[in-house]
Amino acid sequence: MYLFVFIFAILSVLGLYTELFSLRMANLAAQQKVAAETMMFWHGGVYTFAREYKASLTTVPATGCTITLGVSVCGLPLFAKGDISGKTFLPSDYNPTGDVELMFRSRLYQANNDYYVLTYLNPGEVKLGYTVDQFYRQMKNANLPPVSYGRVMTGTCLGGGVGHWLATQSYVGGLQICYTVPVPLTISDGAVGIITNLGS
């Protein structure tokens, strides 16, 4: 009888410990931000590069220009690690060759007479071990400006019109801030991304 009570007490303590450990791990997972910060680092390099060489842009097609390492698009010079004409946009030790997870999909496109750089993940995509929804949660945790990230959607932007947008969590005067994402870019609804306006 005492052995039964002792075993029951031990199992109860182990069960409680397991539950507390699971709750703690879930809490830690909910507070992570490293994947979103990695995406922002890549986006920052691409955006700064595109801004620096914006004057050399030629016609940007309706499908936009995919900016990635080792490629020259839309009149921009070759995007590379390390020094590009005396400036560094990605450090030379940034190693996407050894880990392609460090490279993100970035598009330069034109809408409403402005140029935009959008770095995004499509729905269902897993990057650095995280799903699109987890990336989105991490963007909030990383305290990215609410006007700089969002989800791609087709529909009505709150307080605005119908279209294909990157809808942010930010509002100005009751209107949701949404950036046009032209349909020819073929970026699916549900994608999450970080966007920056390069101006006209």
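The following paragraphs examine the structure supplied in this document. Since the model is a prediction, treat every value here as computed from it, not as a measurement.

1. Some points on the overall build of the protein chain
Here comes step 1: Secondary structure assignment for the protein chain yields 3 helices and 11 strands.
Here comes step 2: Ordered by position from N to C terminus, the α and β elements of the protein chain give α-α-β-β-β-β-β-β-β-α-β-β-β-β.
Here comes step 3: Taking all 200 residues of the protein chain together, 41% fall into the buried category.
Here comes step 4: In the protein chain, 58% of the contacts between residues at least 6 apart in sequence involve partners at least 24 apart.
Here comes step 5: Surface accessibility of the protein chain: about 10700 Å² in total, with carbon and sulfur atoms responsible for 61%.

2. Looking at helix 2 (residues 34–52)
Here comes step 1: With 19 residues, helix 2 ought to run about 27 Å at 1.5 Å a step, and its terminal C-alpha atoms sit 27 Å apart, in line with that.
Here comes step 2: Of the residues making up helix 2, those classed as buried are Ala35, Ala36, Thr38, Met39, Trp42, His43, Gly45, Val46, Tyr47, Phe49 and Ala50.

3. Some words on the state of the cysteines
Here comes step 1: Under the definition given, this model contains 2 disulfides.
Here comes step 2: Here cysteine 65 pairs with cysteine 74 through a disulfide, and the sulfurs are 1.4 Å apart.
Here comes step 3: Judged by its relative accessible area of 13%, cysteine 74 falls in the buried class.
Here comes step 4: Covalent S-S linkage joins cysteine 157 and cysteine 178, the inter-sulfur distance amounting to 1.6 Å. For the disulfide bridge between cysteine 157 and cysteine 178, the dihedral angle about the S-S bond is near 70°, and by the sign convention the bridge is right-handed. Note that cysteine 157 is positioned in the loop between strand 8 (149–156) and strand 9 (162–172) and cysteine 178 in strand 10 (residues 175–180), a separation of 21 residues in sequence. Assigned by exposure class, cysteine 157 and cysteine 178 land together as buried.

4. Remarks on the sheet that holds strand 8
Here comes step 1: With respect to topology, 7 strands assemble into an open sheet ordered 1-4-5-11-8-9-10, the strand pairing being antiparallel. This sheet does not close on itself; its edge strands, each paired only once, are strand 1 (65–67) and strand 10. Strand-to-strand twist across the sheet, computed as the mean angle between neighbouring axes with direction ignored, equals 45°.
Here comes step 2: Across 7 bridges, strand 4 (residues 105–111) lies against strand 5 (residues 114–121) in antiparallel orientation. Within strand 5, the residue paired with tyrosine 109 across the bridge is tyrosine 116.
Here comes step 3: Its contacts with the sheet place helix 2 against strand 1, strand 4, strand 5 and strand 11 (192–199), and it is angled at close to 20° to strand 11.
Here comes step 4: Sheet strands in contact with helix 3 (residues 132–141) are strand 5, strand 8, strand 9 and strand 11, and its direction is about 120° off that of strand 8.

5. Some thoughts on the pairing of strand 11
Here comes step 1: Strand 11 sits mainly inside the fold: 7 of its 8 residues count as buried.
Here comes step 2: Inspection of the sheet shows strand 5 paired to strand 11 by 7 bridges, in the antiparallel sense. Paired with tyrosine 120 across the bridge in strand 11 is glycine 193.
Here comes step 3: Alignment of strand 8 against strand 11, held across 3 bridges, turns out to be antiparallel. By the bridge assignment for strand 11, glycine 150 is matched with glycine 193.

6. Comments concerning the packing of aromatic side chains
Here comes step 1: The tally for this structure, following the rule as stated, stands at 12 aromatic pairs.
Here comes step 2: Here the aromatic rings of tyrosine 53 and phenylalanine 89 are separated by 6.2 Å at their centres, their planes lie at 65°, and the arrangement is edge-to-face. Linking tyrosine 53 in the loop between helix 2 and strand 1 with phenylalanine 89 in the loop between strand 3 (87–88) and strand 4, this pair joins segments that are 36 residues apart in sequence. Here the two residues tyrosine 53 and phenylalanine 89 agree in accessibility, since each one is buried.
Here comes step 3: With centroids separated by 6.4 Å and ring planes inclined at 90°, the aromatic side chains of tyrosine 130 and phenylalanine 135 adopt a geometry described as edge-to-face.
Here comes step 4: Tyrosine 130 gets classed as buried once you look at its relative accessible area, which sits at 17%.
Here comes step 5: Looking at phenylalanine 135, the relative accessible area reads 0%, which means it is buried.
Here comes step 6: Sitting above the plane of the phenylalanine 104 ring, lysine 127 keeps its charged end 5.4 Å from the centroid.
Here comes step 7: Residue placement shows arginine 151 over the ring face of tyrosine 136; its charged tip is 4.6 Å from the ring centre.

The rules behind these values
- Residues numbered from 1 in each chain as written.
- Predicted model: local features only at pLDDT ≥ 70, side-chain atom pairs only at ≥ 80, totals over all residues.
- Heavy atoms only, no water.
- Helix = DSSP H or I, 4+ residues; strand = E, 2+ residues; numbered from the N terminus.
- Buried < 20%, exposed > 50% of the residue type's maximum accessible area, 1.4 Å probe, protein only.
- Contact = heavy atoms within 4.5 Å.
- Areas by Shrake-Rupley, 256 points an atom, 1.4 Å probe, with all protein chains shown as cover.
- Expected span 1.5 Å × (residues − 1).
- Disulfide = S-S within 2.5 Å.
- Pairing = 2+ DSSP bridges.
- Axes fitted to C-alpha atoms, helices over the stretch in contact; angles between N-to-C directions.
- Phe/Tyr/Trp six-rings, centres within 6.5 Å; stacked < 30°, edge-to-face > 60°.
- Lys NZ or Arg CZ within 6 Å of the ring centre and 35° of its normal.

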